[in-house]
Amino acid sequence: MDSAPTAGQAYQATAFTNDYEFSKGGYELPTYPFVAPPELGSKIAMRHPIVIVGAGITGLTMACALARHGVAAVVLDEDNSVGVKGASSRGICYTQKSLEIFQRLGIYDRIAAKGIQWSVGRTFAGNDEVYSFDLRQQSSFQLSAQPPFINIQQFYIEGFLVQRIQELGHVHLRWGSRVTGFTQHDGFATLTVDTPQGSYQIEAEHVVDASGSHTPFHRWCSASMQSRRGDDRWCIADVRFKNLPPTERHTWIEAPFNDNRAVWQHLMADDVWRIDYQMEPDADPALVSSEAEVHKRLRRQFGADVACEIVWVGPYAYRSQCLDALHIGNVFFMGDTAKIVSPFGARGGNTGVADADNLAWKLAAVLRGLAPAALLESYNQERLEAAQQNVQVTNRTARFLRPADGMERVFRTAVISLARQHPFARQFVNTGRMAVANPYSQSANCEGSGGLSVQNVFFRWEDGSPGCVNDLVLWADGRLLLLVFGDQSAQARQRLAELTRHAPVRCVQVLGTDTRRQSLETVRDPQGHLQGACHVFGHAWALVRPDAYLAATGEAVDSALVRAVEHALALA
Amino acid sequence: MKTQLHLQDADSFYEQLLDAHQGLSTEQSELFNARLILLMANQIGDGRLLQECLAAARIAPAPAPA
């Protein structure tokens, strides 16, 4: 078998330097220079296969994933830095699925070295704890090479992605480049780009809009959407403590130190904590987010002698928005241009990362000639379903936290009082449902048995050393990965050989401890973790996509497998 | 959803329900009802059945003309 990156490095303590400096009043973010592109001063617009607009976490994940596939792309970002200047860190909490994606991209060790792991969450009403969880007790999280969550400032991840893209090549990052015009043609689009040295035009066969919630592409593409805006107001404070609170996620539905409104307390790197305070409906944003007010609230929460400095503070009005289609003409929408959710349960940034991981392998497959352009439609099917689900889940949390006056508030009071007495009622207490790898139930490219994420679990190579699912996915190199479990008949082996000869599929036989090796590439799964991650038992096959989602599973190596391969790549 | 009688003693339950509200303010009664609904919903459990109950509760027929 081809060499794959060594596994088992998940918890290895790696010292990575970073370019950030913490200073009073915020972070010094790294800056990247504007470099004049060849188009400047040229009258001819160059045609690029992929242009990504926006170098936030979503756009950079997309760019990094394409670079790993060896696919060329151009990234345009109006700023000259990661993060948002003068703003907070935005996203702070990264899910196991995102961390698995980042491992595949080659930046997981940097994230693990800088970020904070946590597993305990507690929810309080008044002074009573009404609900708690410990993710270490939840077996579903335990088998992956990555932990359930790592908390880290979003700009660190963005900085690691920039470093990684520069290591990999293939992608041109163009800073100080603002897209000011867009025209859609048959088979390509023209973008006008303003730079410090003048403007130029660039052509793109595919445009990926990852430019965030203020995107002009919605207007340019006449995108329709569903929006909801409430009167709930929050003040978000990033605070650096001298005496650290516990390494746990704490949420209050009714915090006595915030006039019985909600409060969130969550940790990040550099001893910085994010404290979110729910404000009075339609509160004056300038007043509630003044530093003096925040210090007053911090003293009420942590005691008069609290030693801390405010890194950043700002007001937020949460809202939700979801496009009706994520693919319009040549433009793909992802991250905050696809949907906006209230930040409950870390369903913003993490789904942007998943959007990028979903589209990157499909675009790469199409551009490398492994699949027809029809495959790209599944991006819309799969990630629109995910976006709609995430909007629904976060809207439910928002409604629990800001119930309408009248019966909605009565029911919440009933829930809180019941939750103190009876375990069942704790399930109604909704301070955010943590993000998951969204399943794809509507996709034409997944069979009924597919559409689920495959955890990055460990197995054994033939020499006994440990490997993980990502190693196999990387080995498959943008093709489908077919895992066949157990002994295979001569006829099945012949069919598999034929399939891998004619379709972009790489096949591995997965054996237990005592099964004899046959002619195929083999790995060992002595504890059945690989089988469990693929949701199959006994003699079976699992067809895994480059984004570590199952296209399908089955038992016999027969025509159903061939059909699953055709569907997964839109070949038929 | 059952529409035929399933209670062992309907009169007795009805009386207990009214008695439970005795002496409560409107606000307390609302909270009592909400708690009761949540407790009962957890006894039923079945999502489709609960949905049918929600739909059935919404439509109160107009009284027949005299």
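Residues numbered from 1 in each chain as written. Chains lettered and ligands numbered in written order. Predicted model: local features only at pLDDT ≥ 70, side-chain atom pairs only at ≥ 80, totals over all residues.

Enquirer: Please clarify how the sheet that holds strand 16 (residues 261-267) of chain A should be interpreted in this entry.
Expert: The strands making up a sheet are joined through hydrogen bonds of the backbone, oriented either antiparallel or parallel. Residue and element names in this part refer to chain A. In spatial order, the strands read 8-7-15-16-17-14-18-21; together these eight strands make up an open sheet with mixed pairing. With one partner strand each, in any of the chains shown, strand 8 (128-134) and strand 21 (339-340) form the two edges of the open sheet. Contacts from helix 7 (residues 291-302) reach strand 14 (225-241), strand 17 (272-278) and strand 18 (308-323) within the one sheet, and its direction differs from that of strand 18 by about 100°. Helix 9 (residues 377-401) rests against strand 14, strand 16, strand 17, strand 18 and strand 21 of the sheet, and its axis sits at about 120° to strand 18. (Pairing = 2+ DSSP bridges. Helix = DSSP H or I, 4+ residues; strand = E, 2+ residues; numbered from the N terminus. Contact = placed C-beta atoms within 7 Å. Axes fitted to C-alpha atoms, helices over the stretch in contact; angles between N-to-C directions.)

Enquirer: What's the story with the packing of helix 1 (residues 57-68) of chain A against helix 4 (residues 154-168) of chain A in this structure? I'm lost.
Expert: Residues and elements named next belong to chain A. One can describe the packing of helix 1 onto helix 4 by two numbers: an axis separation of 9 Å at closest approach and a directional angle of 25°. Judged by the inter-axis angle, helix 1 sits roughly parallel to helix 4. The two elements helix 1 and helix 4 cross, and the hand of that crossing is left-handed. Seen from helix 1, the contacting residues are I57, L60, T61, A63, C64, A67 and R68; seen from helix 4, they are Q154, I157, E158, L161, V162, R164, I165 and L168. (Parallel < 35°, antiparallel > 145°, perpendicular 65-115°, else oblique. Left-handed = near helix turned anticlockwise from the far one by under 90°.)

Enquirer: Whenever I open this one, the domain arrangement of chain A confuses me. Can you help?
Expert: When the parts of a complex come together, some accessible area is lost, and that lost area is often used as the size of the interface. All names here are of chain A. Its domain assignment divides chain A into domain 1 (21-33 + 44-116 + 147-225 + 320-399) and domain 2 (458-568). Taking only C-alpha atoms into account, the centre of domain 1 sits 31 Å from that of domain 2. At the interface, 11 residues of domain 1 touch 10 residues of domain 2. Going through the elements one at a time, helix 2 (96-105) and helix 8 (349-367) are the ones with two or more residues in the side of domain 1 that touches domain 2. If one sorts the elements of the side of domain 1 that touches domain 2 by residue count, helix 8 sits on top with five residues. Here the side of domain 1 that touches domain 2 is composed, by residue class, of four nonpolar, three polar and four charged. (Domains from an automatic or database assignment. Nonpolar A, V, L, I, M, F, W, Y, C, P; charged D, E, K, R; others polar.)

Enquirer: Mind showing me how you'd approach the interface of chain A and chain B here?
Expert: Contacts between the two partners involve nine residues from chain A, matched on the other side by six residues from chain B. Going through the elements one at a time, helix 10 (407-421) and helix 11 (423-426) of chain A are the ones with two or more residues in the side of chain A that touches chain B. At seven residues, the largest contribution of residues to the side of chain A that touches chain B is made by helix 10 of chain A. Grouping the constituent residues of the side of chain A that touches chain B by class yields seven nonpolar, two polar and no charged.

Enquirer: Got a minute to help me understand the confidence of the model for chain A in this structure?
Expert: Caution applies to low-pLDDT parts of the model: their predicted coordinates are not meant to be read in detail. Looking at chain A as a whole, its pLDDT mean stands at 90, while 94% of the residues score no less than 70. Counted against residues more than four places away or in other chains, residues 1-24 of chain A, with its pLDDT under 50, gives 42 contacts. (pLDDT = per-residue confidence, 0-100.)

Enquirer: Where do I start with the nonpolar core in this structure?
Expert: Burial of nonpolar side chains together is a common tendency in soluble globular proteins. Residue and element names in this part refer to chain A. Counting residues in hydrophobic clusters, the biggest one holds 175 residues, and the most contacted among them are M62, A63, L66, L480, L483 and L543. Tallying contributions element by element places helix 8 first for this core, with 11 residues. Here this core gathers at least three residues from each of two domains, domain 1 (21-33 + 44-116 + 147-225 + 320-399) and domain 2 (458-568). Contact partners of L483, with chain neighbours within four places excluded, come to V508, V510, L530, C534, W541, A542 and V544. (Core = buried A, V, L, I, M, F, W, Y, C linked by C-beta atoms within 7 Å. Buried ≥ 20, exposed ≤ 12 C-beta atoms within 10 Å, placed from the backbone.)

Enquirer: How should unusual backbone geometry be read in this particular structure?
Expert: Residues apart from glycine generally show negative phi values, whereas peptide bonds are mostly found in trans. Residue and element names in this part refer to chain A. Of note in this structure, D259 is not a glycine but carries a positive phi near 50°. Here D259 lies in the loop between strand 15 (249-255) and strand 16. If you check the backbone angles, H535 has positive phi at about 60° while not being a glycine. On the secondary structure map, H535 appears in the loop between helix 14 (529-533) and strand 27 (540-544). Among the residues examined, H535 registers 14 C-beta atoms within 10 Å and is labelled partly exposed.

Enquirer: Help me out: how do you make sense of the sheet that holds strand 9 (residues 149-151) of chain A in this one?
Expert: Residues and elements named next belong to chain A. An order of 5-9-6 is seen for the three strands of this open sheet, with the pairing classed as antiparallel. Two strands bound the open sheet, and with one partner strand each, they are strand 5 (93-95) and strand 6 (116-117). Sheet topology places strand 6 next to strand 9; two bridges connect them, and they run antiparallel. Each bridged residue has a counterpart across the sheet, and for Q117 the counterpart in strand 9 is I150.

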